[in-house]
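Residue strings, one per chain:
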Amino acid sequence: MSRLGRLEKVDLRSEWPTEAQDFTPWLAEEENLLLLSDTLGIDLELEAVERNVGPFRADILCKDTLSDKWVLIENQLERTDHTHLGQLITYAAGLDAVTIVWIAARIADEHRAALDWMNEITENSIRFFGLEVELWRIGESLAAPKFNLVSNPNDWSRSTQAAKRAVEASALTETQQLQLDYWKELETRLAAAGGPVKAVKAHPYSWTGHSIGRSNISLNAAMNTRDKWIRVELYLGGPDSKGYFKLLNEQRVAIEEELGVELDWQRLDMKRDSRVCFTRLDFDPWSKESWPEQHDWIVRQLGAFHSVFHPRIRNINREDAAAAS
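A brief look at the structure comes next.

Conventions and cut-offs
- All residue numbers refer to position in the chain's written sequence, counted from 1.
- In keeping with the model being predicted, local features are shown solely for residues with a pLDDT of at least 70 and side-chain atom pairs are shown and tallied solely at 80 or more, while totals for entire chains, interfaces and linings include all residues.
- Heavy atoms from the whole structure form the basis of all side-chain values; hydrogens and water molecules are not counted.
- Counting from the N terminus, the helices are DSSP H or I runs at least four residues long and the strands are E runs at least two residues long.
- Counted as a polar contact is a pair of N or O atoms within 3.5 Å, where, for protein atoms, one must be capable of donating a hydrogen and the other of accepting one, and residues adjacent in sequence contribute only when both atoms are in side chains.
- In this description, contact between two residues means that some pair of their heavy atoms is separated by no more than 4.5 Å.
- Grouping buried Ala, Val, Leu, Ile, Met, Phe, Trp, Tyr and Cys residues that are joined through side-chain atoms within 4.5 Å yields what is termed a nonpolar core.
- Each residue is assigned to one of three classes by its accessible area relative to the maximum for its type, calculated with a 1.4 Å probe on protein chains only: buried under 20%, partly exposed between the two thresholds, exposed over 50%.
- We count a salt bridge whenever a side-chain nitrogen from Lys or Arg sits within 4 Å of a carboxyl oxygen from Asp or Glu.
- Any pair of Phe, Tyr and Trp rings, taking the six-membered ring for Trp, is counted once the centres come within 6.5 Å. Such a pair is stacked with planes under 30 degrees apart, edge-to-face with planes over 60 apart, and tilted for the rest.
- Any two strands are treated as partners once DSSP identifies two or more bridges connecting them.
- With the strands aimed away from the viewer, a crossover counts as right-handed if its path from the first strand over the helix to the second runs clockwise.
- Only the stretch in contact is used when fitting a helix axis, every axis being a line fitted to C-alpha atoms; angles between N-to-C directions are given from 0 to 180 degrees.
- Comment on the angle field: the value is read as roughly parallel under 35 degrees, roughly antiparallel over 145, roughly perpendicular from 65 to 115, and oblique elsewhere.
- Left-handed describes a crossing whose near helix is turned anticlockwise from the far helix by less than a right angle; the clockwise case is right-handed.
- Any residue outside Ala, Val, Leu, Ile, Met, Phe, Trp, Tyr, Cys, Pro, Asp, Glu, Lys and Arg is labelled polar, Gly included; the first ten of those are nonpolar and the last four are charged.

In this structure, threonine 99 sits in strand β5 (residues 98-106). Side chain to side chain, threonine 99 and arginine 127 meet in a polar contact 3.1 Å long. Sequence-distant contacts of threonine 99, that is, excluding residues within four places in its chain, are made with Ile42, Trp70, Val71, Leu72, Arg127 and Phe129.

As structure tokens, this is what we get:
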């Protein structure tokens, strides 16, 4: 009979003696921020550590890469207290749109109730998360972190209901229904693939966007039901889009060699944004019998684009992109 190990809870202070010098820098590392992103369901991009926000100092400041809105993270390696709750309320009052994440060893019942209440009374643009952090190990193994979500915004259910009412109020056209069904199947296949590109909620649009870890930049899949083509693209938005496009275009030969295909580099001079794309003209989105083949191709290309473009985008400083714009 095989032997099984026993999970043992580890004292947080044994790994992180202090919040400011140990836990916060650890959490700000990319792989650990990714663990938090997976727990929250938000793609986070680090902006700053120990950043002033009004009269207070936020432990970690991030951006939600899909919405480009602020995410403030406050840490406590102990039971939550009223002082930190007051800081969170101050942050919310001073910012128009923000997600606030309170991480602690234990979130007290009264503070959990306060977070739930604030999520109930605030607009969708302000959201509060409460998480408890734990460390576990088996035998002599390294300690492993675990985040437990104990309070989350109501906007998940509110937005779902709003979308449902909108659909009920205005029936989808035939094309919109096709788009919705097409992306639903794609996102299901993407989730099953388990790669770095995370599945998102499907919408009745001609495109669907996925995070690549940088604000205003996304990995998109697109379709055209009239001209009958499908596409995977790196979409560069925001004020520095032309700078990112220029710096990536300087690596064009290496990028296309890694992907094994020739890409269409569209600077879009008449628009603010730019794109780099790979289009298949031999796939018709109306042909449902070929959807499995189409979706397999999109999933492969999204993974390949992420592998090639993600490290390059992360290595481009915003200042350099702005200067190149």
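Formed by 40 residues in total, the largest nonpolar core has its most connected members in Leu234, Leu248, Leu263, Trp265, Ile298, Phe305 and Phe309. Elements with a minimum of two residues in this core: α7 (174-193), β9 (217-224), β10 (229-236), α8 (241-249), α9 (252-259), β12 (274-280), α10 (291-314) and α11 (318-324). For this core, the element with the highest residue contribution is α10, accounting for nine residues.

Opposite charge on two side chains makes pairing possible when the charged atoms of those side chains draw close. Scanning the model with the defined rule gives 19 salt bridges in all. The salt bridge partner of arginine 275 is glutamate 233, with a shortest N-O separation of 2.9 Å. Within this pair, whereas arginine 275 is found in strand β12, its partner glutamate 233 is found in strand β10, the two being separated by 42 residues in sequence. Exposure remark for arginine 275: the relative accessible area of 18% places this residue in the buried category. Classification of glutamate 233 as buried rests on a relative accessible area of 4%. Between arginine 280 and aspartate 282 there is a salt bridge, with its nearest N and O atoms 2.7 Å apart.

Another aspect to go through is the packing of aromatic side chains. Throughout the structure, instances matching the rule amount to nine aromatic pairs. Ring centres of tryptophan 16 and phenylalanine 23 lie 4.7 Å apart, and the angle between their planes is 75°; on these two criteria the pair is classed as edge-to-face. Take tryptophan 16 and phenylalanine 23: they sit in the same class, and that class is buried. Aromatic side chains tyrosine 182 and tryptophan 183 sit 5.0 Å apart centroid to centroid with 90° between the ring planes, which places their arrangement in the edge-to-face category. Assigned by exposure class, tyrosine 182 and tryptophan 183 land together as buried. Through successive ring pairs, a cluster of aromatic residues spans Trp16, Phe23 and Trp26.

Extensive coverage of β5 is indicated by the burial of seven of its nine residues. Bridge analysis of strand β4 (residues 69-79) against β5 gives eight bridges, and the strand direction is parallel. Looking across to β5, one finds that glutamate 74 is bridged to tryptophan 102. Taken together, β5, helix α5 (residues 109-121) and strand β6 (residues 126-138) constitute a β-α-β crossover, and its handedness is right-handed.

Where α7 contacts α10, the axes come no closer than 10 Å and their chain directions differ by 55°. Of the possible angle classes, the one that applies to α7 and α10 is oblique. Judged by the twist between their axes, the crossing of α7 over α10 is right-handed. Residue-level contacts link Leu178, Asp181, Tyr182, Glu185, Leu186, Arg189, Leu190 and Ala193 of α7 to Trp291, Pro292, Gln294, His295, Asp296, Ile298, Val299 and Leu302 of α10. Split by residue class, the contact of α7 with α10 holds ten nonpolar, two polar and four charged.

Attention now moves to the sheet that holds strand β8 (residues 207-211). Spatial ordering of the open sheet is given by β8-β9-β10-β12-β11, a layout of five strands whose pairing is antiparallel. Both outer strands of the open sheet, β8 and β11 (264-266), are each paired with one neighbouring strand and no more. Neighbour to neighbour, the strand axes of the sheet diverge by 25° on average, direction disregarded. The strands that α10 touches are β8, β9, β10, β11 and β12; relative to β10, the one it contacts most, it runs at about 15°.

Let us now look at the packing of helix α2 (residues 19-28) against helix α3 (residues 30-40). One way to put it is that α2 packs onto α3 with a least axis distance of 5 Å and a crossing angle of 80°. The pairing of α2 with α3 is recorded here as roughly perpendicular in orientation. Residues Trp26, Leu27 and Ala28 of α2 form the contact with α3, whose participating residues are Glu30, Asn32, Leu33 and Leu36. When the residues that make up the contact of α2 with α3 are grouped by side-chain class, the tally is five nonpolar, one polar and one charged.

Everything listed is a geometric property; what it means functionally is a separate question.
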